[in-house]
Amino acid sequence: MAEIILKNICKKYDNELYAVKDVNLEIDEKDFVILVGPSGCGKSTTLRMVAGLEEISSGELWIDGELSNYSEPSERGMSMVFQNYALYPNMTVYGNIAFSLKVRKVPKNEIDKRVHEVAKVLEIEHLLDRRPNELSGGQKQRVAIGSAIIREPKVLLMDEPLSNLDAKLRSQMRVELAKLHHDLGATILYVTHDQTEAMTLGTKIVVMKLGIVQQIAPPKEIYDNPANLFVAGFLGSPSMNFIDAEVHMGNDDVILYFNRMTTGKKFILCDERADIAAKKAMNKSVVLGVRPEDVYTYDEAKKLGFERNTVGMEVTIESREMHGAHTFLYYTIDGKQNSICVSHDDKTKVGDKINIYFDPNKIHIFDSQTEQNIFYKGEKS
Ligand SMILES: Nc1ncnc2c1ncn2[C@@H]1O[C@H](COP(=O)(O)OP(=O)(O)O)[C@@H](O)[C@H]1O
Ligand SMILES: [Mg+2]
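Residues numbered from 1 in each chain as written. Chains lettered and ligands numbered in written order. Predicted model: local features only at pLDDT ≥ 70, side-chain atom pairs only at ≥ 80, totals over all residues. Heavy atoms only, no water.

Draft legend 1. Quick peek at the site of ligand 1. Ligand 1 sits among Tyr13, Ala19, Pro38, Ser39, Gly40, Cys41, Gly42, Lys43, Ser44 and Thr45. Between ligand 1 and Tyr13, the relevant distance is 3.4 Å, taken from a nitrogen atom to a side-chain nitrogen or oxygen of the residue. One of the side-chain N or O atoms of Thr45 is found 2.5 Å from an oxygen atom in ligand 1. Here the residues of the shell around ligand 1 sort into four nonpolar, five polar and one charged. (Near = heavy atom within 4 Å. Polar contact = N/O pair within 3.5 Å; in protein donor to acceptor, adjacent residues only side chain to side chain. Nonpolar A, V, L, I, M, F, W, Y, C, P; charged D, E, K, R; others polar.)

Draft legend 2. Main features of the environment of Lys303. Along the polypeptide, Lys303 turns up in helix α10 (residues 298–304). Each C-alpha atom, one on Lys303 and one on Arg170, is 39 Å from the other, the two residues being 133 residues apart in sequence. (Helix = DSSP H or I, 4+ residues; strand = E, 2+ residues; numbered from the N terminus.)

Draft legend 3. Representation of the sheet that holds strand β16 (residues 310–311) within the structure. Here we have six strands laid out as an open sheet, ordered β16-β13-β12-β11-β14-β23, and antiparallel in their pairing. The sheet is open, and its two borders are formed by β16 and β23 (364–367), each paired with just one other strand. Bridge count between strand β11 (residues 241–249) and strand β14 (residues 285–290): six bridges; the pairing is antiparallel. What sits directly across from Ala245, in β14, is Val286. Sitting on the sheet, helix α9 (residues 271–281) touches β11, β12 (254–258), β14 and β23, and the angle it makes with β12 is about 70°. (Pairing = 2+ DSSP bridges. Contact = heavy atoms within 4.5 Å. Axes fitted to C-alpha atoms, helices over the stretch in contact; angles between N-to-C directions.)

Draft legend 4. Broad picture of the packing of helix α2 (residues 93–103) against helix α4 (residues 137–149). Direction vectors running N to C along α2 and α4 enclose 25°, while the axes themselves pass 7 Å from each other. Regarding the angle of α2 to α4, the classification is roughly parallel. Classified by chirality, the crossing of α4 by α2 is right-handed. Two secondary-structure elements touch here, α2 through Val93, Asn96, Ile97 and Ser100 and α4 through Val143, Gly146 and Ser147. The residue makeup of the contact of α2 with α4, split by class, is three nonpolar, four polar and no charged. (Parallel < 35°, antiparallel > 145°, perpendicular 65-115°, else oblique. Left-handed = near helix turned anticlockwise from the far one by under 90°.)

Draft legend 5. Inspection of the domain arrangement of the protein at higher detail. Here the domain parsing of the protein yields domain 1 (4–229) and domain 2 (238–367). Across the boundary between the two partners, domain 1 contributes six residues, which contact seven residues of domain 2. Buried surface at the junction of domain 1 and domain 2, summed over both partners, amounts to about 520 Å²; 63% is from carbon and sulfur atoms. Looking only at domain 1, the three residues that lose the most surface to domain 2 are Tyr223, Pro226 and Leu229, adding up to 86% of its buried area. Taken together, the links from domain 1 to domain 2 amount to zero salt bridges. The interface formed by domain 1 and domain 2 includes two residue pairs in polar contact (both at pLDDT 80 or more). Looking at the side of domain 1 that touches domain 2 element by element, the count peaks at three residues for helix α7 (residues 219–224). By residue class, the composition of the side of domain 1 that touches domain 2 is four nonpolar, one polar and one charged. (Domains from an automatic or database assignment. Buried area = accessible area lost by both parts, 1.4 Å probe. Salt bridge = Lys/Arg side-chain N within 4 Å of Asp/Glu carboxyl O.)

Draft legend 6. Broad picture of the sheet that holds strand β5 (residues 66–67). The strand order β2-β1-β4-β5 describes an open sheet built from four strands, whose pairing is antiparallel. Edge positions in the open sheet fall to β2 (18–27) and β5, since each of these has one partner strand only. Pairing of strand β1 (residues 4–12) with β2, which is carried by six bridges, proceeds in the antiparallel orientation. The partner of Lys12 across the bridge, within β2, is Tyr18. Helix α1 (residues 43–51) rests against β1, β2 and β4 (58–63) of the sheet, and its axis sits at about 120° to β1.

Draft legend 7. Quick look at the side chain of Arg273. Within the secondary structure layout, Arg273 lies in helix α9. Despite its burial, Arg273 pairs with no opposite charge; the closest candidate is Glu272, at 5.3 Å N-O. (Buried < 20%, exposed > 50% of the residue type's maximum accessible area, 1.4 Å probe, protein only. Lys, Arg positive; Asp, Glu negative; His and termini not counted.)

Draft legend 8. Main features of the pattern of salt bridges. Across all of its chains, the model carries 16 salt bridges by this definition. Of the charged contacts in the structure, one is a salt bridge between Arg48 and Glu54, with a shortest N-O distance of 3.4 Å. With a closest N to O distance of 3.9 Å, Arg114 and Glu152 form a salt bridge. Here the residue Arg114 occupies a position in helix α3 (residues 108–121), and Glu152 occupies one in the loop between α4 and β7 (155–159), the gap between them amounting to 38 residues.

Draft legend 9. Local environment of the pairing of β11. Pairing of β11 with β12, which is carried by five bridges, proceeds in the antiparallel orientation. Note on β12: the bridge partner recorded for His248 is Ile255. Linking β11 to β12, which pair antiparallel, is a turn of four residues.

Draft legend 10. Up close: the nonpolar core. Within the largest apolar cluster, 45 residues are counted, with the highest numbers of intra-cluster contacts made by Ile97, Ile145, Leu177, Tyr190 and Val207. Sorting elements by how many residues they give to this core places α4 first, with five residues. Every residue in contact with Ile97, bar those within four places of it in the chain, is listed here: Val115, Val118, Ile124, Leu128, Val143, Gly146, Ser147 and Ile150. In terms of nonpolar packing, the next biggest core, distinct from the first, is built from 31 residues, Ile243, Val247, Val315 and Phe375 among them. (Core = buried A, V, L, I, M, F, W, Y, C linked by side-chain atoms within 4.5 Å.)

What follows is the structure in structure tokens.
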């Protein structure tokens, strides 16, 4: 049985707009569930309703098989870690971590044992005598996490816990959070607007937009099988390429014609994708979506045997970005920035013109009107 179930959870603040609308979500034991989406999409509101810090306007919240809409935050067996740490400035690190157990009148020697255990996991044993103002941002965040996990909560709630840290520390803490999740076997509900955190930490990602859940799936599933244009564009860096097109019947083929049909830029669909496009998008305006790593130069495309599918897609490289193992080359189509991922020893220079080719088994087609991915197969889990 899922530990936490949200059924049609809605939130309206004083105005008549929904901050969160009809969220349905199941959180199982040991899940690391990530609520992700742009600022204002209702992530914190959803988390706070689960925590009991915000009233639920309608819908049902089930915790361990009990309807819990009105249970007190302290009865829910959850601990929360906030973005701004929320430490007691006058207490030592030891005092901060021990606090919730002291309040519960846990015996001193038991507290001492648990504080040292937690400090060891978080590698802050050497900091126990310091006060918060003597700590770096990353250390403060670890202490905050220590205070949250010492109670051994059923569920750990985190709202953008890394967003006050600099980039290097953020990626370090990301690795540590993943380790913590693994070592403690904790159930975590985690809010972030950062797609990298979502992709690297989540066992299950919930993508939200304007208070509405767009898709719930494991990271790889979200990446390979995005439900719509928004999800496809939000996760992945650099973003998926999007190119406006129309679907038409050629002599024997189903063809995507790009913007100006007269210039002969086109892409020939094959196999199952051709059948689906013929059924769902014939003569319609669509958006072709293809990830940077599924775009190829001529030589690569020829090696892989799909150089004939793409016709006339010449682009001018506007910038290049070395990322260690890969290089990204950027170009513009219809005013939109797109990119191709090439190997780190690729010699293409800024200003060069190249022809780009798309992997016919990896492309997506989005209906321009509904923005739905016509190849989307639903959730597999
Ligand atoms: N206390 C509040 N009163 C009124 N509106 C609020 C309040 N808190 C949040 N909102 C609104 O609800 C929406 C969702 O906010 P929030 O959950 O904080 O988004 P996120 O965490 O995804 O950035 C936003 O439009 C925000 O302005
Ligand atoms: Mg928020």
